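# Results of the structural survey
Residue-level listing of the chains:
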Amino acid sequence: MAPPRNTDARLSAALAKSSQLLDSLRAQLRSQAVDIDHLAAENADQRAVIKSLRVDLDRYQTTHTSDAQDLVRLAGRLLALTQATGLEIDDTTKAVFRRRGWTSTSRHREAQKQ
């Protein structure tokens, strides 16, 4: 058997090492808790930004749709007006209508419905 003094010294050393390890783990845990708190705050901020961006996007999409509908109505009325008055549309406007697949007869009928 080992002398009691040697066993006590080893036990004390093991307890001291265990205590140091426990202190180190507690410090790491506190550090990780602080990191988690910072990440949670950043996450909340990012969620607020995302929510704001979604609101802006919805607003822009609504505005874009409304503007597009207004332009289609105006184009139909323009075609109807030019046909009713017998005026020619300029070449640039004709090119835009052709690119969009708008024919004067289909837009004329649409404008008359409104």
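Residues numbered from 1 in each chain as written. Predicted model: local features only at pLDDT ≥ 70, side-chain atom pairs only at ≥ 80, totals over all residues. Heavy atoms only, no water.

## Some details on the confidence of the model for the protein
In the predicted model, the protein carries a mean pLDDT of 88, and 86% of its residues have values of at least 70. By mean pLDDT, helix H3 (residues 104-113) is the weakest element of the protein at 52, and helix H1 (residues 4-85) is the strongest at 94. (pLDDT = per-residue confidence, 0-100. Helix = DSSP H or I, 4+ residues; strand = E, 2+ residues; numbered from the N terminus.)

## Focus on the nonpolar core
The biggest cluster of nonpolar side chains holds 5 residues, and these are Ala75, Leu79, Ile89, Phe97 and Trp102. Here Ile89 is in contact with Leu79, Thr82, Lys94 and Phe97, once residues within four sequence places are set aside. (Core = buried A, V, L, I, M, F, W, Y, C linked by side-chain atoms within 4.5 Å. Buried < 20%, exposed > 50% of the residue type's maximum accessible area, 1.4 Å probe, protein only. Contact = heavy atoms within 4.5 Å.)

## Brief notes about the pattern of salt bridges
The tally for this structure, following the rule as stated, stands at 3 salt bridges. Residue Asp56 is joined to Arg59 by a salt bridge in which the shortest nitrogen-to-oxygen separation is 2.7 Å. With a gap of 3 residues between them, Asp56 and Arg59 both fall in helix H1, about one helical turn apart. The class for Asp56 is partly exposed, based on a relative accessible area of 24%. Arg73 is the salt-bridge partner of Asp70, the closest N and O atoms lying 3.0 Å from each other. Of this pair, Asp70 and Arg73 both sit in helix H1, 3 residues apart, which is roughly one turn of the helix. What makes Asp70 partly exposed here is its relative accessible area of 35%. (Salt bridge = Lys/Arg side-chain N within 4 Å of Asp/Glu carboxyl O.)

## Side note on the packing of aromatic side chains
Inspection of every chain in the model, using the stated rule, returns 0 aromatic pairs. Just above the ring of Tyr60 sits the side chain of Arg59; from NZ or CZ to the centre is 4.9 Å. (Phe/Tyr/Trp six-rings, centres within 6.5 Å; stacked < 30°, edge-to-face > 60°. Lys NZ or Arg CZ within 6 Å of the ring centre and 35° of its normal.)

## Thoughts on helix H2 (residues 91-100)
Of all 10 residues in H2, 1 are buried; the element is thus mostly exposed. One or two residues past the end of H2 sits Gly101, with phi positive at roughly 80°.

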